[in-house]
Amino acid sequence: MAASIRLARQALELDPRYGPAVARLALSRGMQCRRNWIPPAGPEVEEGIAMARKAIAAAGDDPLVLVYAGQTLALLAGDWDAALFAINRAIEINPNFGFGFGHRAVILSYLGRHDEAIRSALQAIRLSPFDPAVFSFYQALARAELAAGRYEAALPWAEKALLENGGMPAFRL
């Protein structure tokens, strides 16, 4: 994450409005916070939130920038509405953007919109079955099924998430 932040800052020195670098810096801060590498409040978190909002303004028609910024607003600010708005905009721009559907599923699962989350995650997997982030789509499916009380349906998705990426969220599920 330190290298990601350093490289994003270098890109922003060349062009302070370069949306992908703004979004990458924001998401890196979100990932640092999610992994407890930085405090849950403070200048790094504030920077991440500010960069996410700046990225949305700068995104134009870049779906990846919108998804990264949306994820960050959810992770750092708990601004689920803004996160979902940005990610839905990414999907409107590119209706075949599996990554967008997958991260939409993550947001919807946190919002308790289980059936919508499941449909969105399944769409992501259908569109992009070999996406490097497919483990997070599986986790969204497991989380949605679990929260809906469908424990038997949640288990295979959690197991798939573990096979793809043995990270903590899948272990918790």
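Located above this text is the structure these notes cover.
Being a predicted model, the structure only gives us computed values, none of them experimental. (Residues numbered from 1 in each chain as written. Predicted model: local features only at pLDDT ≥ 70, side-chain atom pairs only at ≥ 80, totals over all residues. Heavy atoms only, no water.)

A. Spatial organisation of the overall build of the protein. On a plain count of helices and strands, the protein comes out with 10 helices and 0 strands. When the helices and strands of the protein are listed from N to C terminus, the series reads α-α-α-α-α-α-α-α-α-α. For a compact globule of 173 residues, the expected C-alpha radius of gyration is about 16 Å, and the protein comes in at 16 Å, within 12% of that figure. With the C-alpha coordinates aligned to their principal axes, the bounding extent of the protein is approximately 50 × 35 × 25 Å. When contacts within the protein are restricted to residue pairs at least 6 apart in sequence, those whose partners lie at least 24 apart make up 52%. Just so you have it, the protein exposes about 8,800 Å², and 57% of that area is on carbon and sulfur atoms. On the protein, the mean spot of the 18 positive side-chain charges and the mean spot of the 17 negative ones are 1 Å from each other. (Helix = DSSP H or I, 4+ residues; strand = E, 2+ residues; numbered from the N terminus. Rg over C-alpha atoms; globule rule 2.2 N^0.38 Å. Contact = heavy atoms within 4.5 Å. Areas by Shrake-Rupley, 256 points an atom, 1.4 Å probe, with all protein chains shown as cover. Lys, Arg positive; Asp, Glu negative; His and termini not counted. Charge placed at Lys NZ, Arg CZ, Asp CG, Glu CD.)

B. The nonpolar core, seen in detail. Grouped together as the largest cluster of nonpolar side chains are 52 residues, with contacts concentrated most on Phe99 and Phe137. Leave out the neighbours within four places in its chain, and phenylalanine 99 touches Leu64, Val67, Tyr68, Gln71, Asp131, Ala133 and Phe137. (Core = buried A, V, L, I, M, F, W, Y, C linked by side-chain atoms within 4.5 Å. Buried < 20%, exposed > 50% of the residue type's maximum accessible area, 1.4 Å probe, protein only.)

C. Representation of helix 5 (residues 80-93) in the model. For helix 5, spanning 14 residues, the distance from its first C-alpha to its last is 20 Å, which sits close to the expected 20 Å at 1.5 Å a residue. What helix 5 keeps buried is the set Ala83, Leu84, Ala86, Ile87, Ala90 and Ile91. Along the axis of helix 5, the buried positions cluster into a sector of 160 degrees, meaning they face one direction only. In helix 5, the exposed residues that point more than 90 degrees away from the buried face are Asp81, Phe85 and Glu92. (Expected span 1.5 Å × (residues − 1). Arc of directions from axis to C-beta.)

D. Quick peek at the environment of glutamine 139. Within the element layout of this structure, glutamine 139 appears in helix 8 (residues 134-147). Between the C-alpha atoms of glutamine 139 and arginine 104, which are 35 residues apart in sequence, the distance is 12 Å.

E. Broad picture of the packing of helix 2 (residues 19-34) against helix 3 (residues 43-58). Here helix 2 crosses helix 3 at 145 degrees, and the two axes come no closer than 8 Å. Considering how the two elements wind past one another, helix 2 and helix 3 form a crossing that is left-handed. Contact residues: helix 2 offers Gly19, Val22, Ala23, Leu25, Ala26, Arg29 and Cys33, while helix 3 offers Glu44, Val45, Glu47, Gly48, Met51, Ala52, Lys54, Ala55 and Ala58. Residues that form the contact of helix 2 with helix 3 fall into these classes: 10 nonpolar, 2 polar and 4 charged. (Axes fitted to C-alpha atoms, helices over the stretch in contact; angles between N-to-C directions. Left-handed = near helix turned anticlockwise from the far one by under 90°. Nonpolar A, V, L, I, M, F, W, Y, C, P; charged D, E, K, R; others polar.)

F. Spatial organisation of the packing of aromatic side chains. The final tally for this structure, using the stated rule, is 4 aromatic pairs. With 6.2 Å between their ring centres and 75 degrees between their planes, tyrosine 68 and phenylalanine 99 make a pair best called edge-to-face. On the criterion of sequence distance, the pair formed by tyrosine 68 in helix 4 (residues 63-77) and phenylalanine 99 in helix 6 (residues 98-110) is long-range, its members being 31 residues apart. For the residue pair tyrosine 68 and phenylalanine 99, the accessibility class agrees, reading buried in each case. Each ring, one from phenylalanine 97 and one from phenylalanine 99, has its centre 5.9 Å from the other, and the planes form 50 degrees; the classification is tilted. Per residue, the accessibility class of phenylalanine 97 equals that of phenylalanine 99, and both read buried. The rings of Tyr68, Phe97 and Phe99 are connected pair by pair, giving a single aromatic cluster. (Phe/Tyr/Trp six-rings, centres within 6.5 Å; stacked < 30°, edge-to-face > 60°.)

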